[in-house]
Amino acid sequence: MKKIELEIVALSHSITQTHSYAVVLGEVNGLRRLPIVIGGFEAQAIAVALEKMQPSRPLTHDLMKNFMNAFNIELHEVVITDLQEGIFYSKLVCTSDNDTIEIDSRTSDALALAVRFGCPVYTYENILDSAGILMEDTASARKRREGGSAVEQSSGDKEDLKSLSLEALNKLLNEVLEQEDYIKAIAIRDEINSRNR
């Protein structure tokens with residue numbers, strides 16, 4: 001299967017869910033986004049590395065990187081390999097002087113290490129098809145904004161989403177994405193996917 005390269009485009013805090021964050025991966029040279037819900041500790045680990053902050057003591061992911069460097073192990077790439085029941089699975093592809101090995105990892109940990117090593121992140125088409133969100137290009141987004149919003153802002157509750165038509169859900173999804181509320185976008189995307197099954 002052909003791998004699709006992704007990059008971290010946003011790290012969003014959820015106001016509605018305590019200790020819940022979303023890391024949003026964007027398709028390199030594409031319009032699709034892959035939002036992944038992660039915990040607060042992992043979000044902090046990713047943010048610290050993205051901002052190139054130097055904590056007074058190494059975080060767990062810094063320790064892992066130091067350990068790998070001490071033994072001449074390089075993180076070559078991260079691959080998000082599977083999605084089952086809303087949970088993403090990933091592998092760390094590591095190389096040493098004479099060997100290449102794949103190590104299972106939680107996706108949030110894999111991303112925290114990828115940022116530290118500066119290595120690429122990949123996934124497969126089937127994962128982007130089932131969990132990805134297609135962003136509008138700027139021309140269509142501008143045209144839609146000029147036409148006005150057809151849907152009032154929803155609280156994102158499952159009951160509210162179930163009462164909306166599929167067309168209204170798609171419009172709401174675009175509005176929520178423009179506001180960069182990726183947690184709400186995940187709930188809307190899941191409702192749309194459940195109706196399309």
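Residues numbered from 1 in each chain as written. Predicted model: local features only at pLDDT ≥ 70, side-chain atom pairs only at ≥ 80, totals over all residues. Heavy atoms only, no water.

For the chain, an unreviewed UniProt entry supplies the name BFN domain-containing protein and the organism Cnuella takakiae.

K.L.:
Explain the packing of helix α1 (residues 40–50) against helix α3 (residues 107–117) to me, please; I cannot follow it from the model alone.
P.N.:
The description of two packed helices rests on the angle between their axes and on the distance between the axes. Where α1 meets α3, the axes come as close as 9 Å, and the angle between the chain directions of the two elements is 10°. It follows that α1 is roughly parallel to α3 by the angle criterion. The residues of α3 that touch α1, namely those facing E42, A45, I46, V48, A49 and L50, are S108, D109, L111, A112, V115 and R116. Residue composition of the contact of α1 with α3, grouped by class: eight nonpolar, one polar and three charged. (Axes fitted to C-alpha atoms, helices over the stretch in contact; angles between N-to-C directions. Helix = DSSP H or I, 4+ residues; strand = E, 2+ residues; numbered from the N terminus. Parallel < 35°, antiparallel > 145°, perpendicular 65-115°, else oblique. Contact = heavy atoms within 4.5 Å. Nonpolar A, V, L, I, M, F, W, Y, C, P; charged D, E, K, R; others polar.)

K.L.:
What's the story with the sheet that holds strand β6 (residues 100–106) in this structure? I'm lost.
P.N.:
Backbone-to-backbone hydrogen bonds pair the strands of a sheet. The strands run either parallel or antiparallel. The eight strands lie next to each other as β6-β5-β4-β7-β1-β2-β3-β8, forming an open sheet whose pairing is mixed. With one partner strand each, in any of the chains shown, β6 and β8 (133–134) form the two edges of the open sheet. Pairing of strand β5 (residues 87–95) with β6 involves seven bridges; the strand directions are antiparallel. For Y89, the partnering residue across the bridge sits in β6 and is R106. Docked against the sheet, α1 engages β1 (3–13), β2 (20–27), β3 (32–39) and β6, running at close to 120° with respect to β3. (Pairing = 2+ DSSP bridges.)

K.L.:
Could you clarify how one ought to interpret the state of the cysteines in this entry?
P.N.:
Chemically, a disulfide is nothing more than a covalent bond linking the sulfur atoms of two cysteines. With the rule as written, the count across this model stands at zero disulfides. Left without a disulfide partner, C94 is nearest to the cysteine sulfur of C119, which lies 8.6 Å away. A relative accessible area of 11% places C119 in the buried class. (Disulfide = S-S within 2.5 Å. Buried < 20%, exposed > 50% of the residue type's maximum accessible area, 1.4 Å probe, protein only.)

K.L.:
Help me out: how do you make sense of the nonpolar core in this one?
P.N.:
In a soluble, globular protein the nonpolar side chains are often hidden away together inside. In this structure, L25, L34, I36, L75, V78 and I80 are the most contacted members of the largest nonpolar core, which totals 28 residues. Listed by contribution, the elements that provide at least two residues to this core are β1, β2, β3, α1, β4 (74–84), β5, α3 and α4 (125–131). (Core = buried A, V, L, I, M, F, W, Y, C linked by side-chain atoms within 4.5 Å.)

K.L.:
Explain the environment of K184 to me, please; I cannot follow it from the model alone.
P.N.:
Residue placement: K184 occurs in helix α8 (residues 182–196). Considering only alpha carbons, one finds K184 and L172, twelve residues apart in sequence, at a separation of 9.8 Å.

K.L.:
Any chance you could explain the pairing of β4 here in plain terms?
P.N.:
The two faces of the sheet receive side chains in turn, since in a regular strand these alternate between them. As paired strands, β4 and β5 are joined by nine bridges and run antiparallel to one another. The residue bridging E77 from the neighbouring strand is V93, located in β5. Joining the antiparallel neighbours β4 and β5 is a turn of two residues, in which E85 adopts a positive phi near 50°. One ladder, built from three bridges, connects β4 with strand β7 (residues 121–124); its direction is parallel. Looking at the pairing, V78 lines up with V121 of β7.

K.L.:
Got a minute to help me understand the packing of aromatic side chains in this structure?
P.N.:
Think of a pair of aromatic rings as described by two things: how far the centres are apart, and how the planes are tilted against each other in angle. Summed over the entire model, instances satisfying the criterion amount to one aromatic pair. The ring of Y122 is capped by K3, whose NZ or CZ atom sits 4.8 Å from the centre of that ring. Positioned above the aromatic ring of F117 is the side chain of K65, whose terminal nitrogen or guanidinium carbon lies 5.6 Å from the ring centre. (Phe/Tyr/Trp six-rings, centres within 6.5 Å; stacked < 30°, edge-to-face > 60°. Lys NZ or Arg CZ within 6 Å of the ring centre and 35° of its normal.)

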